[in-house]
Amino acid sequence: MFSNYLIGLREGLEASLVVCILIAYLVKTGRRDALRPVWAGIGVAVALALGFGCALEFGSQELTFEAQEALGGSLSILAVGLVTWMVFWMRRTARHLRSELHGKLDAALRMGTGALVATAFLAVGREGLETALFVWASVRAAGDGTPRPLAGVALGIATAVLLGWLFYRGALRINLAKFFTWTGGMLVVVAAGVLAYGVHDLQEARWLPGLGAKAFDISDTVDPSSWYGTLLKGVFNFQPDPTVLQVTVWLLYLIPTLALFLAPVGFASGKGKVKEPDEQGSRPSKAPQA
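Just so we're clear, the structure is a prediction, and the values are computed from it rather than from any experiment.

A. The arrangement of helix H9 (residues 244-262) in detail. Its 19 residues place the ends of H9 27 Å apart at the C-alpha level, agreeing with the 27 Å of an ideal helix rising 1.5 Å per residue. Along H9, the residues that are buried comprise Gln246, Val249, Tyr253, Leu254, Thr257 and Phe261. Buried residues in H9, looked at end-on, bunch into an arc of 115°, giving them a common side. When the buried face of H9 is taken as reference, the exposed residues oriented beyond 90 degrees from it are Leu252 and Ile255.

B. Seen up close, the pattern of salt bridges. Tallying each qualifying case throughout the model produces two salt bridges. Of the charged contacts in the structure, one is a salt bridge between Asp33 and Arg31, with a shortest N-O distance of 3.1 Å. Given a relative accessible area of 52%, Asp33 falls into the exposed group. For Arg31, a relative accessible area of 30% puts it in the partly exposed group.

C. Structural view of helix H2 (residues 35-60). Taking 1.5 Å per residue as the helical rise, H2 with its 26 residues ought to reach 38 Å, and the 38 Å between its terminal C-alpha atoms agrees with that figure. Buried within H2 we find Leu35, Pro37, Val38, Gly41, Ile42, Ala45, Ala49, Leu56 and Ser60.

D. The arrangement of the side chain of Thr84 in detail. Mapped onto the elements of the fold, Thr84 is located in helix H3 (residues 65-93). Accessibility expressed as a relative area gives 14% for Thr84, which makes it buried. In this structure the side chain of Thr84 is engaged in a polar contact, spanning 2.6 Å, whose partner is the backbone oxygen of Val80. At 2.7 Å, the side chain of Thr84 forms a polar contact with the side chain of Tyr253.

E. The environment of Thr84, seen in detail. Once the C-alpha coordinates of Thr84 and Val188 are considered, the two residues, 104 residues apart in sequence, prove to be 6.9 Å apart. Beyond its immediate stretch of four places on either side in the chain, Thr84 contacts Tyr253 and Thr257.

F. Highlighting the nonpolar core. Grouped together as the largest cluster of nonpolar side chains are 28 residues, with contacts concentrated most on Val80, Val87, Phe134, Leu187 and Tyr253. Breaking this core down by element, the ones donating at least two residues are helix H1 (2-28), H3, helix H5 (113-142), helix H7 (176-204) and H9. When residues in this core are grouped by element, the largest group, nine residues, is from H7. With sequence-adjacent residues up to four places away left out, Val87 is seen in contact with Arg10, Gly184, Leu187, Val188 and Phe261.

Conventions adopted
Residues numbered from 1 in each chain as written. Predicted model: local features only at pLDDT ≥ 70, side-chain atom pairs only at ≥ 80, totals over all residues. Heavy atoms only, no water. Helix = DSSP H or I, 4+ residues; strand = E, 2+ residues; numbered from the N terminus. Expected span 1.5 Å × (residues − 1). Buried < 20%, exposed > 50% of the residue type's maximum accessible area, 1.4 Å probe, protein only. Arc of directions from axis to C-beta. Salt bridge = Lys/Arg side-chain N within 4 Å of Asp/Glu carboxyl O. Polar contact = N/O pair within 3.5 Å; in protein donor to acceptor, adjacent residues only side chain to side chain. Contact = heavy atoms within 4.5 Å. Core = buried A, V, L, I, M, F, W, Y, C linked by side-chain atoms within 4.5 Å.

Purely geometric numbers; function is a separate question.
Here's what the structure looks like:
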C-alpha cells in the first residue's frame, strides 16, 4: 500500500503544482476570465486519465491468460520507462517549471479560449496518463486481490491535492527540490520491482525464456502471506522465488538508475556545491485568492 501511496503522492503533487502555477498566474495578472477554460482543460485531462485506467483494467480482462500476461508485462515495462524519464525530467527542470508554464500561458491567452483549454489539458494530461499507467502496473504487480493498493493511490492523490491547496494559499513551504529527490529515489526502487514483475509476466506469456530458472527460493523462510511478506511485496514488489532473469534485470535497472538519479546536477560556479533550485522555482509564492 505504501508504494501505491507514494505513486499517488508524487504524481499527484506534480499535477497539483502545475495547476497551482496556472491558476495563481491568471489571478495575479487579473485574468480571472480565463479560469473557466483552464479548469475545463484540467477536467478533461482528469477524465481522460480515469478513462485510460478503466480501459486498461476492464479491457485486459477479456484477453486469454497469455495475452493478459503479454499485455501486462509490456505495459509494465513501458510504465517504468515513462516514470524513469519523469523523475529525471522533474529533477532537472523543476526550477524552470514556473517560467515555462507562464510562457505557454501567455501564448495561449493571446490565441484565445481553445488554446487555454489545450494548454491546461496538455500540462495536466501527461501527468494523468503516466499516473494511470504506472498505477495500473503497480496494482497489478501487487496482486493481493484487495482494494488496499487502490486505497493507497487514492490517499496519495488526496494528500497531494491538499498540499497543492496549501501551497496555493501560502500556508505551507517545503524544499521541493529535496522532496522530489527523496520521493524520486523511492519511486525508482518501486519501478525496479514493477520492471521485474513485468519481466516475469513476459516469461509467463512465453515471450522471454527462463521461467523455470529460479535465482533462489526462500518461500519457506519468508511467507508471502505474513505481515512482513506483505510489507515487502507492497513496498518493493518482493517475490520469494524470482527467476534469474528477473533478478538480473532488477539489478541492471536499479543500481545505475539510482546512482545517476542521486548524482549531483549542476554546480555553483567557483563553490563546488550543488545548485539548489531558487526560491521562486522551489516554493510557490502566495497568490491572491481565486
